[in-house]
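What the coordinates show
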Amino acid sequence: MANTVQFDLVSPERKLASVAATEVQIPGAEGDLTAGAGHAPLITTLRPGVLKAVSAEGTKAFAVTGGFAEINAGSISVLAEQAIPVAEASAAVLDALIDAARARAASAADRAVADKYVNDLIALKAAIGV
């Protein structure tokens, strides 16, 4: 397929995706970005959000809690701290992530960063509608 890029998404638990994608929408720490074939080389950190890969098979969406993305002209590799297919993301799972992040934020050295992480998780839950 012309104008595709090899997209791989892995978390410590499992490989979640390996497809020829036309574009990948990434929740970058510095802002959302869309990458595809021919993209300039870039490494970025992720914030909690919805990552989407568009391919001939349709769009696959994943809830990610953080990690890194390495983007090149021919491939996009995402190493996620945690990643869940949006179809499998329940309110209970996201509430548990939010509660754990709030507990960590209470004793965090950099409270502003910790609070932003909590707020990004809350926004993630709202974005997927659970």
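As the structure is a computational prediction, the values presented were derived from the model and not from experiment.

Counting through the fold element by element, Arg47 comes out in the loop between strand E4 (42–46) and strand E5 (49–55). A polar contact of 2.3 Å, which involves the side chain of Arg47, links it to the side chain of Asp32. When near neighbours in sequence (up to four residues on either side) are disregarded, Arg47 contacts Pro27, Gly28, Ala29, Asp32, Val64, Thr65, Lys116 and Asp120.

A rise of 1.5 Å per residue sets the reference length of helix H1 (residues 91–106), with its 16 residues, at 22 Å; its end C-alpha atoms lie 22 Å apart and thus fit the reference within 8%. Along H1, the residues classified as buried are Leu94, Leu97, Ile98, Ala101 and Ala105. Buried positions in H1, seen along its axis, are confined to an arc of 95 degrees and lie on one side of it. Away from its buried face, by an angle of more than 90 degrees, H1 presents the exposed residues Ala92, Ala103 and Ala106. Among the structural elements, helix H2 (111–128) are those in contact with the buried residues of H1.

Taken as a whole and assessed by the stated rule, the structure comprises seven salt bridges. Residue Lys15 pairs with Asp8 through a salt bridge whose shortest N-O separation is 3.8 Å. Note that Arg111 and Asp115 form a salt bridge whose closest N and O atoms lie 3.0 Å from each other. Linking Arg111 with Asp115, this pair stays in helix H2, spanning four residues, or about one helical turn.

Time to look at the side chain of Thr65. Tracing the chain through its elements places Thr65 in the loop between strand E6 (58–64) and strand E7 (67–71). Apart from residues lying up to four places away in sequence, Thr65 is in contact with Arg47, Pro48, Glu81, Gln82, Leu97, Tyr117 and Leu121.

Now for the domain arrangement of the protein chain. How large an interface is tends to be reported as the accessible area lost when its parts come together. Split into domains, the protein chain comes out as domain 1 (5–86) and domain 2 (87–128). Here the C-alpha centre of domain 2 lies 20 Å away from the C-alpha centre of domain 1. Residue-level contacts link 13 residues of domain 1 with twelve residues of domain 2. Both faces considered, domain 1 and domain 2 share a buried interface measuring about 1,000 Å² in area, 69% of it formed by carbon and sulfur atoms. Among the residues of domain 1 in contact with domain 2, Pro48, Ile84 and Val86 are the three that bury the most area, contributing 46% of the side total. Summed over the shared surface of domain 1 and domain 2, the result is one salt bridge. For Glu88, the salt bridge goes to Arg14, with nearest N and O atoms at 3.2 Å.

Here the focus is a nonpolar patch on the surface. Judged by side-chain polarity, Ile43, Phe68 and Leu79 come together as a nonpolar surface patch covering roughly 340 Å² of accessible area. What makes Phe68 partly exposed here is its relative accessible area of 48%.

Calculation notes
- Residues numbered from 1 in each chain as written.
- Predicted model: local features only at pLDDT ≥ 70, side-chain atom pairs only at ≥ 80, totals over all residues.
- Heavy atoms only, no water.
- Helix = DSSP H or I, 4+ residues; strand = E, 2+ residues; numbered from the N terminus.
- Polar contact = N/O pair within 3.5 Å; in protein donor to acceptor, adjacent residues only side chain to side chain.
- Contact = heavy atoms within 4.5 Å.
- Expected span 1.5 Å × (residues − 1).
- Buried < 20%, exposed > 50% of the residue type's maximum accessible area, 1.4 Å probe, protein only.
- Arc of directions from axis to C-beta.
- Salt bridge = Lys/Arg side-chain N within 4 Å of Asp/Glu carboxyl O.
- Domains from an automatic or database assignment.
- Buried area = accessible area lost by both parts, 1.4 Å probe.
- Patch = residues over 30% accessible without salt bridge, like charges linked within 9 Å, V, L, I, M, F, W, Y side chains within 5 Å.
- Areas by Shrake-Rupley, 256 points an atom, 1.4 Å probe, with all protein chains shown as cover.

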